[in-house]
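# Coordinate analysis (summary)
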Amino acid sequence: MGHWWYRNIMEPGKLPLLLALVSFVLSFLVTRVITRMIRAGRGPFKNVTPGGIHVHHVVPGVILVIIGGFGAIGSSRHSFGAGLSAVIFGLGAGLVLDEFALILHLDDVYWSEQGRKSVEIVVLTAAIVALVLGGFLPFGVNDLTEAERHNRGLVAMNTATNFFLALIALWKGKPRTAFFGTVIPFVALIGAIRLARPGSPYARRFYANRPKARAKSGLRAFHHDRRWAAPRRKFENFIGGTPDPERASENELRRP
């Protein structure tokens, strides 16, 4: 463990990256806890509304990202300033990506179905940074042995293949499978080889003249949704909070 720590963290100067990842995850978790407490009317926390304007936490997040980013650029990789800047950057990034859906939709969709995109992008970001941190992408690691080059070459090939399969799963109308498949082995493969969901670009392209494939695709999607909709909903509510029914109704009305 000590050898791995030196080779993959200390030698390539990835300690600031580790600090940024930890502060990023903690910032997201603490923010979710506080926002839930505010929503439930518990605890001492309140929304910041100077002059009647609701200041979303993405605003201090952007400020922290700017401070941490410029601080990191102006610091040496192995200095105290780099570590401090990494922590500040991670805190700001957690605040910003927690409201990624707000930035994407230019609307306050935090407690709606669209707001779940923030949770998904945070999980994906943390997973990718963890892969870089773990040495699967050996940036800055010097004098790799033949075995290390071989192992990391295989991991790089597997990651590229996984990403390609994830694109196919996305083409088949399975965004969640593609999302998790980019970082979890075999998930993208399953999504890529199974039938496409009805209405997906793949289904419109290849099932147009195949009524049996269309019928089988629709039946499979129906059974899949009936089986997994409730457990998935409970898990999403546990992580991101239960959507506001009023906001959900409004979003349904806006859909074409």
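Here's what I pulled together on the structure shown here. (Residues numbered from 1 in each chain as written. Predicted model: local features only at pLDDT ≥ 70, side-chain atom pairs only at ≥ 80, totals over all residues. Heavy atoms only, no water.)

Listed in full, the ten residues of the largest apolar core are Ile-9, Leu-21, Phe-24, Phe-28, Ala-93, Leu-97, Val-119, Val-122, Ala-126 and Leu-133. The set of elements that each furnish at least two residues to this core consists of α2 (15–40), α4 (80–98) and α6 (116–133). Element by element, the count of residues in this core is highest for α6, at four residues. In contact with Leu-21, not counting residues within four places along its chain, are Ala-126, Val-129, Ala-130 and Leu-133. Core analysis: the next-biggest nonpolar cluster, separate from the first, contains six residues, Ala-169, Ala-178, Ala-188 and Ala-192 among them. (Core = buried A, V, L, I, M, F, W, Y, C linked by side-chain atoms within 4.5 Å. Buried < 20%, exposed > 50% of the residue type's maximum accessible area, 1.4 Å probe, protein only. Helix = DSSP H or I, 4+ residues; strand = E, 2+ residues; numbered from the N terminus. Contact = heavy atoms within 4.5 Å.)

In this section: the pattern of salt bridges. Taken as a whole and judged by the stated rule, the model has four salt bridges. A salt bridge links Arg-176 to Glu-120, with the nearest nitrogen and oxygen atoms 4.0 Å apart. With Arg-176 in helix α8 (residues 175–181) and Glu-120 in helix α6, the pair connects residues that are 56 residues apart, well separated along the chain. Classification of Arg-176 by relative accessible area gives partly exposed; the value is 34%. Among the ionic pairs, Asp-225 bridges to Arg-197, the shortest N-O distance being 2.8 Å. Taken together, the residues span a long stretch of sequence, with Asp-225 in helix α11 (residues 211–240) and Arg-197 in the loop between α9 (187–193) and α10 (201–206) at a distance of 28 residues. The class of Arg-197 is partly exposed, set by a relative accessible area of 26%. (Salt bridge = Lys/Arg side-chain N within 4 Å of Asp/Glu carboxyl O.)

Moving on, we come to the environment of Gly-240. Of note, Gly-240 is situated in helix α11. Here Gly-240 falls in the buried class, since its relative accessible area comes to 8%. It is 9.4 Å that separates the C-alpha atoms of Gly-240 and Lys-117, two residues lying 123 residues apart in sequence.

These figures come from the coordinates and say nothing about function on their own.
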